[in-house]
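Chain by chain, the residues:
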Amino acid sequence: SLLPLFFPFNPSFHLCLRTWAQSKRVVEMRIDSLDALPPELLQSIFGHLPAHFCLSTVARVCPLFYRLVHDENWWNGRKKAVGVVLDEREERRDNFSLQRVICSGEREEDRWRKLSTQTMYSISGGHYGAINTCKLYTEMSGGKRCVSAGRDRTIRLWDLDRVVTEAVLTEEEEEEGETSNVRVVSGREKKEILHSVDDAHGGWIWIVTRPNSSNVTYSCGWDNMVKRWQITPSGMKESGGISLSSAVLGLDWIDGSENELISTTFLRRVSLLDVREKMMECKDEHSEHRNAVIGVTSKGKYVYSWGEDRLVVLSDIRNLSSPVAKVTIPRAYASQLSIGPTSVVAGTMKGECFYLDPINLETWGSFDVQEVCEGTASKISANPLRGIINTGHSLVTLSKLGKLNALSYGLKPRSLIDSLKLDGEPSKVDYMNDDVIVSMGDGRLVYWSKP
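Residues numbered from 1 in each chain as written. Predicted model: local features only at pLDDT ≥ 70, side-chain atom pairs only at ≥ 80, totals over all residues. Heavy atoms only, no water.

Colleague: Mind showing me how you'd approach the sheet that holds strand 13 (residues 248-253) here?
Modeller: Sheets are built from strands paired through backbone hydrogen bonds, the pairs being either parallel or antiparallel. The 4 strands are arranged 13-14-15-16 in an open sheet whose pairing can be described as antiparallel. At either margin of the open sheet sits one strand with a lone partner, and together these are strand 13 and strand 16 (281-286). The mean inter-strand angle of the sheet, taken between neighbouring strand axes irrespective of direction, is 25 degrees. The pairing of strand 14 (residues 260-265) with strand 15 (residues 270-274) spans 5 bridges and is classified as antiparallel. Bridge assignment links Ser-263 to a residue of strand 15, and that residue is Ser-271. (Pairing = 2+ DSSP bridges. Helix = DSSP H or I, 4+ residues; strand = E, 2+ residues; numbered from the N terminus. Axes fitted to C-alpha atoms, helices over the stretch in contact; angles between N-to-C directions.)

Okay, here's the thing in structure tokens:
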């Protein structure tokens, strides 16, 4: 009997199927084993179980259950039931997996629903101006860290584990004896700041980024500089750099290589940098954009840049000077862009998101974030997106008005949480291993740690 698998605490349980006969009498049929049920009814039962449980447990019970759980039509029915709408071109990709989208989507939906009840850590005292950028990472020892930088020209390395242990209630809550999920952390005593670099650049710092497996961080700023910082137990030390032709607005390391960076500038250039030596070298570049290039990211050998001319340009680092494809975003330029496993999502200054084909930048579809989350699109005033993260299973968006949203993946998304309203104007959002951090215009960091 297979019943103990699903009902281990009630082995005497039996399943009764009740159907109306022509005589209006109830017919009861005792079923002592689930594999005696019709396949269609079994798949209907499985449809009420978590998708990852069906794959990891149910499919291993017997050959029949394996075939039913891996039935393509059953997964297509499950996709329709949960409301996932995808472009057929995305589904034809070799690396696309509907099982992955649905299973990971269920897990992330559960994670985002818990976010509004989690403790929010408000971290202040590290910067005295707007924080333009923040980057989460985990040390090899498992310690959680964040690098932040901003208009005060300083770089701070935060110990997020210490942030959680040092957090306290606000003074108002202590006086009123209230409990809240907001905790305040002041970095003025430097307990939570592992390292600091004052006057790291000669102008505003726009971006900090770092390869996942090394102890270096890269930064760029309004002073035309790209700099490398070596992180040691005793501090952060400048260990290399390059001066470009104008203010550096975008910076990212090449996916899969710790020896190359890609940068973008105010004067329309996208440059590939060799960072192996102390004096970095520009290996190749292009100037396909007609205005300031405000951001760049990469995946494998492909580089995606976006600018104030509303262009998104796709290039191959093996021949950067000859772009592969480009597309003009309607109505407003892309303020942020994020690459998922099988798609690229661009968020605009009008609060819209566009799904793009990562191979040729064809537009698959678009939606208005405010319309999805609140039911109405803003036609009078725009709500620019300051951040967007495409996990391939959900979307995280951050708007200028201080609203953090989590949406289901697909062309017709749904809101997974009520919009979290931040007190102030945000700058950037980062997400890693279910942790979320937002940099704010008033010099704070807002952090949610996975329970």
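The structure having been displayed, the exposition proceeds.
Colleague: Would you mind going over the side chain of Arg-156 with me for this structure?
Modeller: By secondary structure assignment, the location of Arg-156 is in strand 6 (residues 155-159). For Arg-156, the side chain forms a polar contact with the main-chain oxygen of Gly-126, separated by 2.8 Å. One polar contact links Arg-156 to Asp-198, side chain to side chain, over a distance of 3.1 Å. With residues up to four places along the chain from it excluded, the contact list for Arg-156 reads Gly-126, His-127, Cys-146, Val-147, Ser-148, Ile-193, His-195, Ser-196, Val-197 and Asp-198. (Polar contact = N/O pair within 3.5 Å; in protein donor to acceptor, adjacent residues only side chain to side chain. Contact = heavy atoms within 4.5 Å.)

Colleague: In this structure, what is going on with the pairing of strand 29 (residues 426-432)? I would like to understand it.
Modeller: The two faces of the sheet receive side chains in turn, since in a regular strand these alternate between them. Strand 29 sits mainly inside the fold: 5 of its 7 residues count as buried. A loop of 2 residues connects strand 29 with strand 30 (residues 435-440), the two strands running antiparallel in sequence, and Asn-433 in this loop sits at a positive phi of about 50 degrees. (Buried < 20%, exposed > 50% of the residue type's maximum accessible area, 1.4 Å probe, protein only.)

Colleague: I'm lost on the nonpolar core in this one. Help?
Modeller: One recurring pattern in soluble globular proteins: nonpolar side chains tend to sit buried together. Core analysis: the largest hydrophobic core is formed by 34 residues, its most contacted members being Phe-46 and Tyr-355. At 4 residues, the largest contribution of residues to this core is made by helix 7 (residues 98-115). Each of domain 1 (32-82) and domain 2 (114-448) accounts for three or more of the residues forming this core. (Core = buried A, V, L, I, M, F, W, Y, C linked by side-chain atoms within 4.5 Å. Domains from an automatic or database assignment.)

Colleague: When you look at the UniProt feature "repeat: WD" (unreviewed entry) in the chain in this model, what are you seeing that I'm missing?
Modeller: In this numbering, the UniProt entry assigns the feature "repeat: WD" (unreviewed entry) to residues 124-161. The span residues 124-161 is 5% helix and 55% strand, and its two end C-alpha atoms sit 16 Å from each other. (UniProt positions renumbered as here; feature names shortened; annotations may be inferred.)

Colleague: What is the right way to read helix 5 (residues 72-82) from this model?
Modeller: In an α-helix, one turn spans 3.6 residues; hence positions three or four apart end up facing the same way. Within helix 5, burial applies to Trp-74, Trp-75, Arg-78 and Lys-79. All buried residues of helix 5 project into a common sector of 145 degrees when viewed along the axis, lining one side. Away from its buried face by more than 90 degrees, helix 5 exposes Asn-73 and Lys-80. For helix 5, the elements touching its buried residues are helix 2 (39-46), helix 3 (51-56), helix 4 (63-69), helix 6 (88-91) and helix 7. (Arc of directions from axis to C-beta.)

Colleague: Could you clarify how one ought to interpret the packing of helix 5 against helix 7 in this entry?
Modeller: To characterise two packed helices, one gives the angle between the axes of the helices and the distance between these axes. Closest axis-to-axis distance for the helix 5/helix 7 pair is 10 Å, and the angle between their directions is 40 degrees. Classified by the angle between their axes, helix 5 and helix 7 sit oblique to one another. For the element pair helix 5 and helix 7, the recorded crossing hand is left-handed. Contact residues: Trp-75, Asn-76, Arg-78 and Lys-79 in helix 5; Leu-98, Gln-99, Ile-102, Cys-103 and Glu-106 in helix 7. (Parallel < 35°, antiparallel > 145°, perpendicular 65-115°, else oblique. Left-handed = near helix turned anticlockwise from the far one by under 90°.)

Colleague: Would you mind going over the packing of aromatic side chains with me for this structure?
Modeller: Each aromatic ring pair is described using two quantities: the centre-to-centre distance and the angle formed by the ring planes. By the definition in use, this model includes 9 aromatic pairs. When the centroid spacing of 6.2 Å and the interplanar angle of 35 degrees are considered together, the rings of Tyr-121 and Tyr-447 count as tilted. Of this pair, Tyr-121 sits in strand 3 (residues 120-124) while Tyr-447 sits in strand 31 (residues 445-448), and the two are 326 residues apart along the sequence. By relative accessible area, which is 10% here, Tyr-121 ends up buried. Judged by its relative accessible area of 0%, Tyr-447 is buried. Among the aromatic residues, those joined into a cluster by ring pairs are Trp-204, Trp-206, Trp-222 and Phe-266. Stacked on the ring of Trp-112, the Lys or Arg Arg-111 has its end atom at 5.4 Å from the ring centre. When the ring centre of Tyr-137 is taken as origin, the NZ or CZ atom of Arg-210, which lies over that ring, is 3.6 Å away. (Phe/Tyr/Trp six-rings, centres within 6.5 Å; stacked < 30°, edge-to-face > 60°. Lys NZ or Arg CZ within 6 Å of the ring centre and 35° of its normal.)

Colleague: Teacher, can you tell me more about the sheet that holds strand 8 (residues 193-197) here?
Modeller: Strand order in the open sheet formed by 4 strands is 4-5-6-8, with antiparallel pairing between adjacent strands. Taken across any chain shown, the strands that pair with only one partner, and hence form the sheet edges, are strand 4 (131-138) and strand 8. Taking the axes of each pair of neighbouring strands and ignoring which way they run, one obtains an average angle of 15 degrees across the sheet. The sheet contact formed by strand 6 and strand 8 spans 4 bridges and is antiparallel. Note that in strand 8 the partner of Trp-158 across the bridge is Ile-193.

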